[in-house]
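What the coordinates show
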Amino acid sequence: MKNEVLIDVRHLTHMFQLTKKIKVRAVDDVSFQIYKGEIFGLVGESGSGKSTVARCLMDIYQPTKGEIWYKDVNVCDKKEARKNKKMLQTRRQMIFQDSASSLNQKMQVADIITEPLKIQHITPIRGSLRKEAAFQMEYVGLDESFLDRYPSELSGGQRQRVAIARSLSMEPEFLVADEPIASLDVSIQAQIVNLFRHLQEEHGFTFLFIAHDLAMVEYLCDRVGVMYQGRLVELADTEELFANPVHPYTQTLLSAIPVPDPIRERKRVLRTFDGEGLENSEWTEITPGHFALLSHTGSGKGVQP
Amino acid sequence: MPLFRTIRKRTEMEQLLEVKNLSVSIDSPAGEVQAVRDVSFSLKKGEVLAIVGESGCGKSMLCKSIMKLLPPSARIKNGSISVCGQDITCSREKEMQTLRGKVFSMIFQDPLTALNPTIKIGKQIAEAVLVHHKTYTRDEVYQKVLELMELVGISHPKERYHQYPWQFSGGMRQRCVMAIALAADPDILFADEPTTALDVTIQAQILDLLREIQRKLGTATILVSHDLGVVARVADRVAVMYAGKIVEIGTAEEVYYDPRHPYTWGLMKSLPAFAKGKESLYTIPGMPPTLIHPPKGDAYASRNEYALNIDYEEMPPMFQITDTHYAATWLLDPRAPQIETPTGGRKL
């Protein structure tokens, strides 16, 4: 099961046109694969292009260069994408960062959850739309009494659950979660992360989990990719990445994880990374499944092959 | 500014800030919301006090009520706030205005909304400088702004002076907000979740900056956060708030290595650092109580697996553990059953 590729991203590049002459390379030659049934984490600082990758995967942005394959469909090919439009739009779903602004304030929870069904003209399996909504609510751990409420009456964690329930109502295979826990309290974060874990283990969903909180990523994800200024600088299994980070930027990120221990925390030295040697570097496989962008000119800092 | 002068003089000798039995209520259509309930603490000069708790537990309300920035529907019901021995509980708005900025100043959560997008950064900092130093000439103001920008670690201040907020990254914007807050050299700095909008590497930098400023200027800081992990790096003392009350307060070492309140245990256990190799993360069951009709006994009792019968009946008093460490839980009563601390905290 582990080796079945669900998403294959090949040399993805996305540029934003700022003015007639200036272009910004938000994503620069990124390639990775997501296997079926795994949680793939994408980390990096803000502005590193994580969200752009996610939006390209969801067809919100059309990539400038490169290909994205979903199973055996080339999503970037317009003709092929149109042919498989319904499959692509139901099988892949996205959960946004800020649930306060991604849920319609004027709709009740039950309508929010079943709106995708109406749009796609899908007959609810469980009889009525309301029953469907109630089922999804229970699935994410919310009481049926919330069905007639408005998003503004819910707390942050509850709203995020509604957003998850909405994306689950299409029974997707692949979920993109773009910083789903960044705006929540620590104890609520734990609830949402547990829910993701449950969905993956019990129901076999595949996730792309975008975050900047490395402690949560370490706990939740199976494989992690690290992005820096639009480039993927390291990709490995979570355990491997946290045990032997190779790229200096990954080391910087790992050194910044806060530890709930005042004495160790005060002694902790922060590393910095200024993007040195990023220009002429190559994507190399260090150990099986562990890739990093290493400069082939110098010896490379902290490289242990 | 006579009030301000007397306050400056006394700074060296006494507690900088003392809050006693403070209760703040907000009138809402549904009833009276008891946002802060009977909170007492003190702050010494040059100390960093972290206030930790879930959203809606009254952390921000506490800061705002000390600065008297409460909405019109809120009022201080009980208790006293004194700054350097001077009672400011009943001070008028005009007196408060002389204190804000000079005695206490605030850094807000979201640096994007705290800055005006249409005004150059330098000008926004200069505005704060001018308000507090009315006699400064244009040149002096310019020099002071550059000095402030350097203090908060903005490189090339001369060029950056003429840039707009959108040309700055999130971390840089937060530094600008800090420069504005430090314009009048305050004694107490309130930082209301200064790093929630920022990512990990920048977050650590901003926290280090807070610490550095506190060392350089001797500013006492009240740091509000929901994450115990973030706070560990900078806090001297930690106060844990729940449902409008401080449930545990002590030095950082005491709270992290020897927490006594079940809510602190819950907060600690829900951090992923303590869940390595475990099947699921610990979550605190249930929801925080509404503050419109807070429960009769311990507000945490219904979510607490160690709750005793008395927790539902009577509010626990603050039990003293050491000179600096206090916790409000009946588990510390000599008659209570002995429970081994289930914290994942690393003991020394």
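Residues numbered from 1 in each chain as written. Chains lettered and ligands numbered in written order. Predicted model: local features only at pLDDT ≥ 70, side-chain atom pairs only at ≥ 80, totals over all residues.

1. Considering the overall build of chain B
Short version of the rule: Strands here mean DSSP runs of E at least two residues long; helices mean DSSP runs of H or I at least four residues long; both are numbered from the N terminus. In this setup the radius of gyration rests on C-alpha atoms only. A globule is expected at 2.2 Å times the number of residues raised to 0.38. Each residue is classed by its C-beta neighbour count within 10 Å, where at least 20 other C-beta atoms makes it buried, 12 or fewer makes it exposed, and intermediate counts make it partly exposed; the C-beta atoms are placed from backbone geometry. We call two residues in contact whenever the C-beta atoms placed from their backbones are within 7 Å.
Summing up its helical and strand segments, chain B has 12 helices and 12 strands in all. In terms of overall dimensions, chain B is globule-like: its C-alpha atoms have a radius of gyration of 21 Å, near the 20 Å expected for 348 residues. Overall, chain B is about 70 × 50 × 45 Å in size when its C-alpha atoms are taken along their principal axes. Residues classed as buried in chain B amount to 46% of the 348 residues present. A sequence separation of at least 24 residues applies to 67% of the contacts in chain B between residues at least 6 apart.

2. Remarks on the overall build of chain A
Counting secondary structure elements, chain A contains 12 helices and 12 strands. The C-alpha atoms of chain A give a radius of gyration of 20 Å, which matches the 19 Å a tight globule of 305 residues would have. Along the longest, intermediate and shortest principal axes, the C-alpha atoms of chain A span 65 × 55 × 45 Å. Here the contacts in chain A between residues at least 6 apart in sequence split such that 61% fall between residues at least 24 apart.

3. Some words on the interface of chain B and chain A
Interfaces are often sized by the accessible area lost when the parts come together. Counted only if it meets this: The nonpolar class holds Ala, Val, Leu, Ile, Met, Phe, Trp, Tyr, Cys and Pro. Asp, Glu, Lys and Arg form the charged class, and all remaining residues, Gly among them, are polar.
Taken together, the contacts link 34 residues of chain B with 32 residues of chain A. When residues of the side of chain B that touches chain A are traced back to their parent elements, those giving at least two are α9 (200–217), α10 (228–231), α11 (252–257) and α12 (262–269) of chain B. Taken together, the residues of the side of chain B that touches chain A sort by class into 17 nonpolar, 10 polar and seven charged.

4. Digging into the confidence of the model for chain A
Using the following cut-off: pLDDT measures the predictor's confidence residue by residue and takes values from 0 up to 100.
In this model, chain A carries a mean pLDDT of 86, and residues with pLDDT of at least 70 account for 96%. Low pLDDT, under 50, characterises residues 298–305 of chain A; the stretch is placed with 11 contacts to residues that sit more than four places away or in other chains.

5. Focus: the packing of helix α5 (residues 121–132) of chain B against helix α8 (residues 170–181) of chain B
Residue and element names in this part refer to chain B. The test is simple: The angle between two axes is taken between their N-to-C directions and runs from 0 to 180 degrees, where each axis is a line fitted to C-alpha atoms and a helix contributes only its stretch in contact. Roughly parallel means an angle under 35 degrees; roughly antiparallel means over 145; roughly perpendicular covers 65 to 115; every other angle is labelled oblique. Each crossing is labelled by how the near helix is turned from the far one, with a counterclockwise turn of less than a right angle marking it left-handed and a clockwise turn marking it right-handed.
Relative orientation of the contacting elements α5 and α8 amounts to 25°, with a least axis distance of 8 Å. Put simply, α5 runs roughly parallel to α8. In this structure, α5 meets α8 at a crossing whose hand is right-handed. On the side of α5, the interface is formed by Ile121, Gln124, Ile125 and Ala128, while α8 contributes Cys176, Ala179 and Ile180. When its residues are assigned to classes, the contact of α5 with α8 shows six nonpolar, one polar and no charged.

6. Observations concerning the sheet that holds strand β1 (residues 17–28) of chain B
Residue and element names in this part refer to chain B. Where we set the bar: Pairing between strands is defined by DSSP: at least two bridges between the two strands are required.
With respect to topology, four strands assemble into an open sheet ordered β2-β1-β4-β5, the strand pairing being antiparallel. The sheet is open, and its two borders are formed by β2 (31–43) and β5 (86–87), each paired with just one other strand. As paired strands, β1 and β2 are joined by nine bridges and run antiparallel to one another. Opposite Leu22, over in β2, you have Val39 as the bridge partner. The strands touched by helix α2 (residues 59–67) are β1, β2 and β4 (74–83); relative to β2, the strand with the most contacts, the crossing angle is about 75°.

7. Digging into the sheet that holds strand β11 (residues 319–320) of chain B
Residues and elements named next belong to chain B. If you walk across this open sheet you meet the eight strands as β6-β7-β8-β3-β9-β10-β12-β11, and the pairing is mixed. Since the sheet does not close on itself, it has two edges, and those belong to β6 (104–107) and β11, each with one partner. Examined bridge by bridge, strand β3 (residues 48–52) and strand β8 (residues 220–225) share five bridges and lie parallel to one another. Bridging from a neighbouring strand, Ile51 pairs with Val224 of β8. Strand contacts of α8: β6 and β7 (188–192), with the helix running at about 170° to β6, the strand carrying the most contacts. The strands that α12 touches are β3, β9 (237–242) and β10 (245–251); relative to β9, the one it contacts most, it runs at about 100°.

8. Quick notes on the nonpolar core
Note the cut-off: One nonpolar core equals one set of buried Ala, Val, Leu, Ile, Met, Phe, Trp, Tyr and Cys residues connected by C-beta atoms within 7 Å.
Counting residues in each nonpolar core, the largest one holds 175 residues, and the members touching the most others are Leu208(A), Phe209(A), Ile125(B), Ile188(B), Val231(B) and Ala235(B). For Leu208(A), the residues in contact, after removing those within four places along its chain, are Ile34(A), Phe40(A), Leu42(A), Ala54(A), Leu57(A), Val176(A) and Ala177(A).

9. Examining α12(B)
With eight of its eight residues buried, α12(B) lies for the most part within the structure. Residues of α12(B) that are buried: Pro262(B), Tyr263(B), Thr264(B), Trp265(B), Gly266(B), Leu267(B), Met268(B) and Lys269(B). On its buried face, α12(B) sits against α8 (186–203) of chain A together with β3, α10, β9, β10 and α11 of chain B.

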